[in-house]
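# Close look at the chain arrangement
The primary structure of each chain is shown beneath.
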Amino acid sequence: MYTYLKNGVVVNKRQNILIENDRIKEVSNEDISSMLPKDARIIDCEGKIVLPGIIDVHVHFREPGNEQKADMQTESIAALKGGITTVCDMPNNSPAITNTQSFLDKIELAKKKMFCNFRLFFGLTNHNIDEALSLQSEYLAGLKLFLGSSTGNMLVDNKEAIDKLFRDSKKIIVAHCEDEKLIHTNTERYKNLSPLPYNIHSLIRDEQVCYNSSKFAIDLAKKYDAQFHIAHITTAREISLLSNAKLEDKNITAEVSPNHLYFCEEDYKHYGTLIKCNPSIKTYEDRQALRNALKEGYIDIVATDHAPHLLEEKQRNYFDAPSGIPSIQFSLLMMLQIAKEENWDLSLVVEKMCSNPAKRFQIKNRGEVKEGYFADLVIINPNEKTFVRKEIIMSKCKWSPLINTTFDYKVEATIVNGKIL
């Protein structure tokens, strides 16, 4: 079966793409539509942008265990609606994915329910390092280490276990880096204030909380030459720990979420706990430093940390509201809008959301518009806007802090393994 995308701007160059079954057969400047079989599907992409399907290496689809918030079906549909064709799902489920059998069971569940491509992370504890190091699976994205507690507390705080992990692991270690002791100290300092400051979350989970933990982990990774990736960098100070060498030359890489590139501390005044996430959204200066670090190569990947909760949970008082923002459906639109504001070339968005995630997490034959690669593509209309309202939200929780936001682009179609979904 042939599908032919003609007249589109593939990233920055006008090209035509021929898909045969699930693969890209040809990318060329020549229009061969007249030579195709009669049953070929031809899509005229005149005026449209064609990108590789987005690879989101940090999502929380909540299943198994918290299906009232989200499930693999609803969240994979939301992903496709936003142009995301591959996800890497985190292990802080209920129960957590911290043993081989639960990992294998989750694979089978994902095969049945997810509409997009997927990989899964295996969760680390103080007691399962040996089992994690021995796990082998084509669906394994990496090992997830929580150095700071978050939703579905999986805190690893045993120094011997952490040391063994970095010393012996041949797999990529992905860490949530926050200093747990300092979080508790800051909480005690601020918890009795009345009223609470509007930016209470960024005061409790402040710059030092992130820097202390990131430096500890990076020092260990350097000591043992480990493959290490820091999730959701949020501060200018942490950038000083990173290198802007080419991705292929790094053992230590970092990601940033669209939320930390889009929002800043002042937005707590309007959104309150709706934008409460861990690590916290910080200052305008931090946000700008993150944008610059992304452009300059210190930050390698953009990933959402998509984390749905029920709206009624998020509307509780600060200390009772869970951390996490549902964002997968609008992450590409957020990044396209930021790129427009910052006058970035579109190739930067593709590098950080497609090719770098594929390379770093060894997701083979995806992340580029290239002959022989899987036909994972997203078609963007740069001439139509997207107005975010509740009715278009596909995530099960049915809310977003972006409601009533207008983006200057529209995701028009998403193709996964050659199929328009």
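One can find the structure itself at the top, above this paragraph.
Heads up: these notes are all about the structure in this document. Quick caveat, the model's predicted, so the values are computed rather than measured.

### Structural notes on the packing of aromatic side chains
- Inspection of the entire model under this criterion finds eight aromatic pairs.
- Relative to Phe-122, the ring of Phe-103 has its centre 6.2 Å away and its plane inclined at 65 degrees; by these criteria the two rings are edge-to-face. One end of the pair, Phe-103, is in helix 2 (residues 100–113); the other, Phe-122, is in strand 8 (residues 117–123), and 19 residues separate them in sequence.
- For Phe-103, a relative accessible area of 0% translates into the label buried.
- Exposure remark for Phe-122: the relative accessible area of 0% places this residue in the buried category.
- With a centroid separation of 5.0 Å and an interplanar angle of 10 degrees, the aromatic rings of Phe-118 and Tyr-139 are classed as stacked. Pair noted here: Phe-118 is in strand 8 and Tyr-139 is in the loop between helix 3 (129–134) and strand 9 (140–146), with a separation of 21 residues, a long-range link.

### Details of the environment of Asp-22
- Assignment of secondary structure puts Asp-22 in the loop between strand 2 (13–20) and strand 3 (23–28).
- On a C-alpha basis, the gap between Asp-22 and Asp-376 in space is 8.4 Å, while along the polypeptide they are 354 residues apart.
- Setting aside anything within four residues of it in sequence, one finds Asp-22 in contact with Tyr-373, Phe-374, Ala-375, Asn-417 and Gly-418.

### Looking at the pairing of strand 17 (residues 410–416)
- Most of strand 17 sits out of view: five of its seven residues are buried.
- Judged from the five bridges that link them, strand 14 (residues 377–381) and strand 17 form a sheet pairing that is antiparallel. Directly across from Val-378, in strand 17, lies its bridge partner Thr-414.
- Note that strand 17 and strand 18 (residues 419–420) share two bridges and pair antiparallel. Directly across from Val-416, in strand 18, lies its bridge partner Lys-419.
- Turn length for the strand 17-strand 18 hairpin, with the two strands adjacent in sequence and antiparallel, is two residues, and the turn residue Asn-417 shows positive phi of about 50 degrees.

Scoring rules and cut-offs
- Residues numbered from 1 in each chain as written.
- Predicted model: local features only at pLDDT ≥ 70, side-chain atom pairs only at ≥ 80, totals over all residues.
- Heavy atoms only, no water.
- Phe/Tyr/Trp six-rings, centres within 6.5 Å; stacked < 30°, edge-to-face > 60°.
- Helix = DSSP H or I, 4+ residues; strand = E, 2+ residues; numbered from the N terminus.
- Buried < 20%, exposed > 50% of the residue type's maximum accessible area, 1.4 Å probe, protein only.
- Contact = heavy atoms within 4.5 Å.
- Pairing = 2+ DSSP bridges.

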